[in-house]
Amino acid sequence: MSYYVYIIASRRDGAIYIGVTKDIVRRIYEHRTKAVPGFTSKYNITRLVWFEVYDDPISAISREKELKKWKRSWKVQLIEKDNPEWNGLYESICV
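Since this is a predicted model, take the numbers as computed values, not measurements.

(A) Spotlight on the overall build of the protein. A tally of regular secondary structure across the protein gives 5 helices and 3 strands. Seen in sequence order, the protein has helices and strands lined up from the N terminus as β-β-α-α-β-α-α-α. For 95 residues, the compact-globule formula gives about 12 Å, and the C-alpha radius of gyration of the protein, at 12 Å, lands near that figure. With respect to the principal axes defined by its C-alpha atoms, the protein has extents near 30 × 30 × 25 Å. Out of the 95 residues belonging to the protein, those deemed buried represent 39%. Across the protein, the fraction of contacts at a sequence separation of at least 24, relative to all contacts at a separation of at least 6, is 61%. For the protein, the distance from the average position of its 17 positive side-chain charges to the average position of its 12 negative side-chain charges is 7 Å.

In structure tokens:
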């Protein structure tokens, strides 16, 4: 089973959110449809802009906690390394 650490954003210079899940398609769909009230639905944070895959939950949770401590500029660099235009990646994972 795979586990995912992901970053979603409202827009390029907007709010971002870091999360972890074992079902990334379902979880991003929940963010996109605002199925769960909270920070992401309040600030319209719906665009998947980055993710990593892990084999075990401990590694994924550790990485999520590490990223949450990072400065915003470091998170932006991480996103832009593979996704310089901040394109939405949801459709690419739904295939």
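(B) Main features of unusual backbone geometry. Here Lys-34, not a glycine, exhibits a phi torsion of approximately 55°, which is positive. Along the polypeptide, Lys-34 turns up in the loop between α1 (24-33) and α2 (39-42). Its identity is not glycine, yet Trp-86 carries a phi of approximately 60°, on the positive side. With respect to the helices and strands, Trp-86 occurs in the loop between α4 (72-82) and α5 (90-93).

(C) Representation of the packing of aromatic side chains within the structure. In total, this model carries 4 aromatic pairs according to the counting rule given. Centroid distance Phe-39 to Tyr-43: 5.1 Å. Interplanar angle 50°. Geometry classified as tilted. Residue Phe-39 is classed as partly exposed on the basis of its relative accessible area of 43%. For Tyr-43, a relative accessible area of 43% gives the class partly exposed. Cation over ring: Lys-68 sits above Tyr-17, and NZ or CZ is 5.8 Å from the ring centre.

(D) Region of the structure containing the pattern of salt bridges. Going through the model one piece at a time under the given rule, you end up with 8 salt bridges. A salt bridge links Glu-80 to Arg-12; the shortest N-O distance between them is 3.2 Å. Note that Glu-80 is positioned in helix α4 and Arg-12 in the loop between β1 (3-9) and β2 (16-21), a separation of 68 residues in sequence. Accessibility expressed as a relative area gives 29% for Glu-80, which makes it partly exposed. In this structure, Arg-26 and Asp-23 form a salt bridge, with 3.7 Å as the shortest nitrogen-oxygen distance. On the basis of relative accessibility, which here comes to 38%, the residue Arg-26 falls in the partly exposed class. Through salt bridges that share partners, Asp-23, Arg-26, Arg-27 and Glu-30 make up one connected network.

Basis of the calculations
Residues numbered from 1 in each chain as written. Predicted model: local features only at pLDDT ≥ 70, side-chain atom pairs only at ≥ 80, totals over all residues. Heavy atoms only, no water. Helix = DSSP H or I, 4+ residues; strand = E, 2+ residues; numbered from the N terminus. Rg over C-alpha atoms; globule rule 2.2 N^0.38 Å. Buried < 20%, exposed > 50% of the residue type's maximum accessible area, 1.4 Å probe, protein only. Contact = heavy atoms within 4.5 Å. Lys, Arg positive; Asp, Glu negative; His and termini not counted. Charge placed at Lys NZ, Arg CZ, Asp CG, Glu CD. Phe/Tyr/Trp six-rings, centres within 6.5 Å; stacked < 30°, edge-to-face > 60°. Lys NZ or Arg CZ within 6 Å of the ring centre and 35° of its normal. Salt bridge = Lys/Arg side-chain N within 4 Å of Asp/Glu carboxyl O.

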